[in-house]
Structures are given as structure tokens and as C-alpha cells.
Amino acid sequence: MQAELFLQQLLEQNVIGKPHAVVDYGRLGYAEYKMFLKLRGADDREIEDVIEFLRTCPEISWLVRFDGAFQIGMVAKVFHVAALSLLLDRIVARFGELLERRMFHVNIQSEY
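Source: prediction; values computed, not measured. All residue numbers here refer to positions counted from 1 along the written sequence of the relevant chain. A pLDDT threshold of at least 70 governs which residues receive local features in this predicted model, and a stricter bar of 80 or more applies before side-chain atom pairs are shown or counted, although totals over entire chains, interfaces and linings include all residues. Excluding hydrogens and water, the side-chain figures rest on all heavy atoms present in the structure.

*Asks:* Summarise the side chain of Lys77; cite the residues concerned and give the values.
*Replies:* Residue placement: Lys77 occurs in strand S3 (residues 72-78). Relative accessible area decides the class of each residue, using a 1.4 Å probe on protein chains only: under 20% of the type maximum gives buried, over 50% gives exposed, and in between gives partly exposed. A positive count includes Lys and Arg, and a negative count includes Asp and Glu. His and the chain ends are not counted in either. What makes a salt bridge here is a side-chain nitrogen of Lys or Arg within 4 Å of a carboxyl oxygen of Asp or Glu, nothing more. Buried Lys77, no salt bridge; nearest opposite-charge side chain is Glu32, N-O distance 7.3 Å. In this analysis, two residues are considered to be in contact whenever any of their non-hydrogen atoms come within 4.5 Å of each other. If near-sequence neighbours (up to four positions away) are discounted, Lys77 is found in contact with Tyr25, Tyr30, Ala31, Glu32, Pro58, Glu59 and Ser61. For the purposes of this entry, the term helix denotes a DSSP run of H or I that reaches at least four residues, the term strand denotes a run of E that reaches at least two, and both are numbered from the N terminus.

Quick look at the structure:
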């Protein structure tokens, strides 16, 4: 009850604008995979084509464009690694000629 009162005070004082829930997908049975893509000689239009394709993938929960060693970063959440494999197959089938390097990280536990 104290936490609820404290939150209400912060809202009234405009310290925070609006609270929102953060879903712990690990507790729901999902595994999260961070993935980074380096594209070979891709121009801005080609990079945007990849990003637009990834936006349509329901497995992707976070997507960002980088400058540097990798051009695209994303997080995929899946129940089983086989679903990740299918996602990667779709990416490679569509953009395989652009992929120079791929890096993956598995989130065993996420903290919020």
C-alpha cells in the first residue's frame, strides 16, 4: 500500500508523467535473443528495406539502426530456438547477399 501511495504522490507532483507496465517475457516462457547485423556495402535505402522487413516480423520486440560495426540491432522473443531459426531463415532468404556478419546474444534472465 505504501508503494501505491508513493506512486500517487509522484504522479500528483508531476515527477513522473504516466506509469506503464513492463512485461517480463522470461516468466511467460519466452527466450530473448539480441541480434546484430552488419550489412555488406548496403546503402541507406537497402538498410531501410531490411528494417521495414524486420518491423513486420512478430518475433522482433525491439529494433534499432546503428552507426558503427553493425548497422542493425534487434531483440527477438521466441518460445523455442526453432522459431528463432525460422526467423533467421526468412532474413537470410530475403537479404542473404547483404549480410556480412551476424552476432547473437542470449538473454538468460532479463532485469527491469
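Still to come is the rest of the account.
*Asks:* Can you tell me about the nonpolar core, naming the residues and giving the values?
*Replies:* We call a set of buried residues a nonpolar core when its members are Ala, Val, Leu, Ile, Met, Phe, Trp, Tyr or Cys and they connect through side-chain atoms within 4.5 Å of each other. The biggest cluster of nonpolar side chains holds 22 residues, and the ones touching the most others in it are Leu39, Ile72 and Leu87. A total of 5 residues in this core trace back to one element, the largest contributor, which is helix H2 (residues 44-55). When residues no more than four places from it in sequence are discounted, the contact partners of Ile72 are Met35, Phe36, Leu37, Leu39, Ile47, Val50, Ile51, Leu54, Leu63, Val64 and Phe66.

*Asks:* Give me the pattern of salt bridges: which residues, what numbers.
*Replies:* As enumerated under the stated definition, the model contains 6 salt bridges in all. A salt bridge links Asp24 to Arg27; its shortest N-O distance comes to 3.4 Å. Accessibility expressed as a relative area gives 24% for Asp24, which makes it partly exposed. Among the residues examined, Arg27 registers a relative accessible area of 75% and is labelled exposed. Across the pair Asp49 and Arg45 runs a salt bridge whose closest N-O atoms are separated by 3.0 Å. In this pair, Asp49 and Arg45 are both assigned in helix H2, 4 residues apart and thus about one turn of the helix distant.

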